[in-house]
Amino acid sequence: MSLYDDAVRVLKDYAHSGDSAERGTGQESLCQEYLDHLAAHPDGMWKACGAGHLTASALVVDPHRGRVLLTLHKKLGMWLQMGGHCEPGDATLEEAALREATEESGIPGLELMSGGPVRLDRHPIPAPCHWHFDVQYAAVARPDAVAAISDESLDLRWFGYDVVAGVADGSVVRLLEHTRARL
C-alpha cells in the first residue's frame, strides 16, 4: 500500500468514526475536502503539489504532568505542535507524524495515541504552494522525557494545558482540547 492509499484509508476511516460533536463542527466536510483534493491531485501527498499537500503532525503530551511540548517554528515564528511534510520513506501518515514529532522534539520512544487522527486542520501557507491539509495526531511522551531543539525550531518548550491558549493559535488549542478528550 502506498502512502497515498494509506492517506485515503485513514481519511475514510476518520470520516466514519465518532460523531461530529466529538470532533468539532466542520470536520466531516473538511475530511471530504481532503479526499476530493487527493482525488484531483495524485501528487497531493508531496510538497511539490502547488495546489496544496497533506502534512502530518503530532501534539506531544505529557499527561502525567498536564503539559504539551510546542515548537517555536523557525519560519512562522509561532508556537505549534510538531509536524511537517510527508517524505518518500514514510509508509503511512502515522509514520510521518511520529517521525516528525521525534525529529522535532528530540524525544525517542514517543507513542501515538490510538484511534487515528485527533483532528484535521487546513490552513493557507505562503506561495508557491497554497494549502497544508494537516492530519493531526497526538503522541505521548514519558514523564522523564527530555526535549532537544532541532534545526527547524527557534525554541522548544513544555506548556501546561492551561497556558496553551495564551501562546498558541486556535488550531493548537482545538487539537489540545480534542487530545485531552481522548486521554
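Residues numbered from 1 in each chain as written. Predicted model: local features only at pLDDT ≥ 70, side-chain atom pairs only at ≥ 80, totals over all residues. Heavy atoms only, no water.

J.: Got a sec to walk through the packing of helix α1 (residues 3–15) against helix α3 (residues 27–40)? Specific residues and values, please.
T.: It is the contact of α1 with α3, at a shortest axis distance of 10 Å, that shows an interaxial angle of 160 degrees. Judged on the interaxial angle alone, α3 and α1 are roughly antiparallel. Of the two elements, α1 crosses α3, and the hand of that crossing is left-handed. The segment α1 lies against α3, with Y4, A7, V8, L11, K12, Y14 and A15 engaging Q27, C31, Y34, L35, L38 and A39. (Axes fitted to C-alpha atoms, helices over the stretch in contact; angles between N-to-C directions. Helix = DSSP H or I, 4+ residues; strand = E, 2+ residues; numbered from the N terminus. Parallel < 35°, antiparallel > 145°, perpendicular 65-115°, else oblique. Left-handed = near helix turned anticlockwise from the far one by under 90°. Contact = heavy atoms within 4.5 Å.)

J.: Could you give an account of the environment of L110, naming the residues involved and the relevant values?
T.: Note that L110 resides in the loop between α4 (93–105) and β5 (111–112). The class for L110 is buried, based on a relative accessible area of 7%. C-alpha separation for the pair L110 and R142, spaced 32 residues apart in sequence, amounts to 7.6 Å. (Buried < 20%, exposed > 50% of the residue type's maximum accessible area, 1.4 Å probe, protein only.)

J.: A description of the confidence of the model for the chain should follow, citing residues and the corresponding values.
T.: Per-residue confidence for the chain averages 93 on the pLDDT scale, and 96% of its residues sit at or above 70. At the low end of the mean pLDDT range in the chain sits helix α2 (residues 20–23), at 49; at the high end sits helix α5 (residues 164–167), at 98. (pLDDT = per-residue confidence, 0-100.)

J.: Explain α3 to me, using residue names and the numbers behind them.
T.: Helix length check: α3, at 14 residues, gives a terminal C-alpha distance of 20 Å against a target of 20 Å (1.5 Å per residue), a fit within 8%. Of the positions making up α3, those classed as buried are Q27, L30, C31, Y34, L35, H37 and L38. For α3, the angular spread of the buried residues around the axis is 155 degrees, confining them to a single face. Counted as exposed and oriented over 90 degrees from the buried face of α3: A39 and A40. (Expected span 1.5 Å × (residues − 1). Arc of directions from axis to C-beta.)

J.: Explain the packing of aromatic side chains to me, and be specific about the residues and the numbers.
T.: For the structure shown, the criterion picks out 2 aromatic pairs. Relative to F133, the ring of Y34 has its centre 5.2 Å away and its plane inclined at 90 degrees; by these criteria the two rings are edge-to-face. Of this pair, Y34 sits in helix α3 while F133 sits in strand β7 (residues 131–140); the two residues are 99 residues apart in sequence, bridging distant segments of the chain. Residue F133 is classed as buried on the basis of its relative accessible area, which comes to 5%. The ring of W158 has R67 sitting right over it, with the charged end atom 4.2 Å from the ring centre. One cation-aromatic arrangement involves R122 over W131; the distance from NZ or CZ to the ring centre is 4.2 Å. (Phe/Tyr/Trp six-rings, centres within 6.5 Å; stacked < 30°, edge-to-face > 60°. Lys NZ or Arg CZ within 6 Å of the ring centre and 35° of its normal.)

J.: Describe the nonpolar core, naming the residues involved and giving the relevant values.
T.: Core analysis: the biggest nonpolar cluster contains 34 residues, and L11, M45, L54, V60, L93 and L120 have the highest contact counts within it. Mapped by element, the contributors of at least two residues to this core are α1, α3, β1 (53–62), α4, β7 and β8 (153–160). The element that contributes the greatest number of residues to this core is α1, accounting for 6 residues. Discounting residues that sit within four places of it in the chain, M45 has contacts with L3, Y4, A7, L38, H53, L54, C86 and L93. In this structure, L59, M113, F159 and V164 belong to the second largest nonpolar core, which totals 18 residues. (Core = buried A, V, L, I, M, F, W, Y, C linked by side-chain atoms within 4.5 Å.)

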